[in-house]
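Each chain is listed here by its residues.
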Amino acid sequence: MVSVEGIDRMISEHPFFSGMEPGYQAMIAGCASNQSFEAGQYLIREGDNADHFYLIRHGAVAIEVHTQGQTSVTLETLHEGDVLGWSWLVPPYHWLFDARAIQLTRVIAIDAACLREKAEADHSLGYELYSRIMPVMSERLSAARLRLLDLYGSPRKGQ
Amino acid sequence: MGKTSGGRAILPAQSLQTLIDVVHSQGYRLIGPTLEDNAIVYDDLENVENLPLGISDRQSPGNYRLEDDPSAGYFAHVVGPHSWKRFLFPAAQKLWSATRVDQGFSIQTPEDETKLAFIGVRACEIKALQMQDRVFSQGPFTDNGYGEKRQNCLIIAVNCSRAADTCFCSSMDAGPRVTEGFDLALTELQQGRHDFLIETGSANGEALLKELVTRKAEDQDFAEADAQLAATEASIQRRMPSNIPEVLERHLQDEHWQTIESRCLNCSNCTLVCPTCFCSTVEDTTDLTGQHAERWRYWDSCFNTDFSYIHGGSIRQSGAARYRQWITHKLSYWHKQFGTSGCTGCGRCITWCPVGIDITEEAATFCEIDKRS
Amino acid sequence: MKTSQDPMTPNLFQVQRIRRELADTFTLELTAESNNEFPFLPGQFNMIYLFGSGEVPISISGDPAQPNRLIHTIRAVGSVTEGLKSCKSGDMLGIRGPFGSAWPVEQATGQDIVIITGGIGLAPLRPAIYHLLANRQRYGKIVILYGARTPADILFRKELERWRSRFDISVEVTVDQAVSNWSGRVGVVPKLINRADFAPEETTALICGPEIMMRFSVKALQERGVKEDHIYVSMERNMKCAIGFCGHCQLGSQFVCKDGPVFPYSQISSAFRIREL
């Protein structure tokens, strides 16, 4: 376990919270802990309660979905500087996909219930959080849409 | 070939055959206006009877009719569906053929040493030839076939004695007076007589003139020629706005393109009759034995959907985009590509559009749109 | 028979080797029947003629420092390219070229270079990469960002791995789809741009890939502050003649065949803004 001061610094250095008012960063640090996952270890399992979300400091995480008859399909990989998970903001707060470390991965884990409570009590904090998570969602949605186009696929397919 | 180089003379109309004979005797294939299928087209001329004496034309958007007119001379008509590009840049042209040899093949390029002479070339058509010169022989690459034929081509121009309803050469700085790019220029004079005022524009033209029996041109001949050209110019009704290159580029996404699309049949007539349109496609073929292959070049048109095809689909799917490509290329982008407009104001695209879309009217509409924006 | 070189008449080249790259992609190694060298600039293309079948524009994918072998990497997407796929060594092909503009490898001296590409788009950039690596000391950071459909569709995989193992060049590969045995990235190329290590104000970016991917990549580069006239894209349009005669490849006032295929983005940005141009 690292000290609260250490977490504070990591939060302020992570791109997801960069530029956030120090007061809010301190509030978030109160809900945060430092964790690491070995390659192959799951951070998130589909269907589980979304009780944490993660800021990746080092390493890489695959967001996966298990399909019958084959190994899991990787939907996207997340890397240093990325944020993992937003189901903690969406009732009923259950994970929709798996997330698995594909190498040794160090993260800041944030207690979702703790932060939801603080955001509920201070809507300005809530607004700050949402305005940071929205661009992430938007970027991932755009990326998903781009891949839906199958840009590098055979041009004759479907004609 | 340059500007009028001084030689001037009067050739009586009944001696026109001697001009034709002299051209033939110098080994040229002579091509000029002649009547065919109720239109005046360009084809081989054997003698003066092939010329459309006594025939005039009436043109308007989507309309072309010939009429007998006893007072009409040899060149009383205005431009028809043909332009000279069909001889220098043929609608179908074999570029080369190839024959299999062992594991490989050898390529043979056809040769054509025919010297062409054109008679009845209008000012706007000289402009059109010069525009195609810039495309085919003045860029980094030269089209061998075009370049050689064009270089050896004899141009006998004609000053227009009247304008069609669809003409707008004067606003394109392309007519009606022939000023350059000819060997001989004729003005048909018919006030109480039937003569040709001949002016020379090149050493070739000078030499040709010397072969003819002519009389000296007098002041009154020039006065009649000038008056006739002034009257022709004054009768031109249509015009192209001078700011159209920029205007079109400012309104590439205007809704008016859809309005044009609703009328345009995408038939490509405008591009085929246009004397400057140069787009083509190539086709590679083999015979049944697979031993002999040919490459042919054919006129193509930006109105064809396949024109912009790349694997996966065509870039210009809509008729609106295809009309926009044609008119912006012609009136805007041509300036950037070749330093001039791609339009001579000949009016063929107006006459031969089956639904009568008028390039000058559409240009005027975009200028209105531009003023409002 | 005319002997003067007509730009529409091909020169004969012999297939020396054909190498399968991917399920639908292969590389031809050719030499001129005349044994002449074939100098070209990175980014230029040739028209390849298959006897009796037709002609296709294909960019050169070989090393500009080795002009004795002409290398083309081709994806079989139509009848001519399918035909080329069944070529054997010893077969003769017709070649016209090289045509078109080049990647600005000289102007970019002293700059950081970001190469952004996807799918077969890596092929036209490979000559530029060879040039950059051969003159490594003349450039700042070199970053290659490459996207493919699946791990099995990664073109020049061995070379990418070799480049990746160098310490003086950074290579990131991402795929659109993968199963869990792939330990690399899954995601789109533009996302790689946000995190790549280069100095935006002193960067030249070279992009080649599907037009949508290029559009989003330009946006990501602009968001990082790369100057518009330092972004170069290679455009694809229908090309029949390659010399500005046939009109098919026009893009606004540009002929992609002779003014491009490589353009500074500032010169053709309207193509990304205006549909069906």
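Criteria and thresholds
- Residues numbered from 1 in each chain as written.
- Chains lettered and ligands numbered in written order.
- Predicted model: local features only at pLDDT ≥ 70, side-chain atom pairs only at ≥ 80, totals over all residues.
- Heavy atoms only, no water.
- Helix = DSSP H or I, 4+ residues; strand = E, 2+ residues; numbered from the N terminus.
- Expected span 1.5 Å × (residues − 1).
- Buried < 20%, exposed > 50% of the residue type's maximum accessible area, 1.4 Å probe, protein only.
- Polar contact = N/O pair within 3.5 Å; in protein donor to acceptor, adjacent residues only side chain to side chain.
- Phe/Tyr/Trp six-rings, centres within 6.5 Å; stacked < 30°, edge-to-face > 60°.
- Lys NZ or Arg CZ within 6 Å of the ring centre and 35° of its normal.
- Contact = heavy atoms within 4.5 Å.
- Buried area = accessible area lost by both parts, 1.4 Å probe.
- Salt bridge = Lys/Arg side-chain N within 4 Å of Asp/Glu carboxyl O.
- Nonpolar A, V, L, I, M, F, W, Y, C, P; charged D, E, K, R; others polar.

A. Spatial organisation of helix α4 (residues 123-148) of chain A. Residue and element names in this part refer to chain A. Under the 1.5 Å per step criterion, the end-to-end length of α4 is 36 Å for 26 residues, consistent within 8% with the ideal 38 Å. Turning to α4, its buried residues are Leu125, Gly126, Leu129, Arg132, Ile133, Val136, Arg140, Ala143, Leu146 and Arg147. You can read the cap of α4 off the contacts: a side-chain oxygen lies 3.0 Å from the backbone nitrogen of Ser124, and it is on Asp122. Looking one or two places after α4, you find Asp150, whose phi comes out positive at around 50°.

B. Just the packing of aromatic side chains, in detail. Evaluation of the coordinates by the stated rule reveals 33 aromatic pairs over all chains. Measuring from centroid to centroid gives 6.0 Å for B:Phe278 and B:Phe338, while their planes differ by 90°, and the two rings are edge-to-face. Here the residue B:Phe278 occupies a position in the loop between α9 (269-273) and β13 (280-286), and B:Phe338 occupies one in helix α10 (residues 319-338), the gap between them amounting to 60 residues. B:Phe278 sits in the buried class, given a relative accessible area of 1%. Among the residues examined, B:Phe338 registers a relative accessible area of 9% and is labelled buried. Pairwise contacts between aromatic rings join B:Phe89, B:Phe136, B:Tyr146, B:Phe278, B:Trp299, B:Trp334, B:Phe338, C:Phe245 and C:Phe255 into one cluster. Across the ring face of A:Tyr42, the terminal group of A:Arg45 is positioned such that the distance to the ring centre comes to 3.7 Å. For C:Arg224, the ring lying beneath its charged end belongs to C:Phe198, and the centroid distance is 4.1 Å.

C. Up close: the interface of chain C and chain B. Between chain C and chain B, the contact holds 46 residues from the first and 55 residues from the second. Summing the contributions of chain C and of chain B, the shared interface buries around 4,300 Å²; its carbon and sulfur component is 58%. Applying the counting criterion to the chain C and chain B interface returns 1 salt bridge. The salt bridge partner of C:Glu55 is B:Arg295, with a shortest N-O separation of 3.0 Å. Between the two partners, chain C and chain B, sit 17 residue pairs in polar contact (both at pLDDT 80 or more). For the side of chain C that touches chain B, the elements supplying multiple residues, two or more each, are β1 (11-22), β4 (54-59), β6 (92-99) and β15 (254-255) of chain C. With 5 residues, the single largest contributor to the side of chain C that touches chain B is β6(C). Here the residues of the side of chain C that touches chain B sort into 17 nonpolar, 18 polar and 11 charged.

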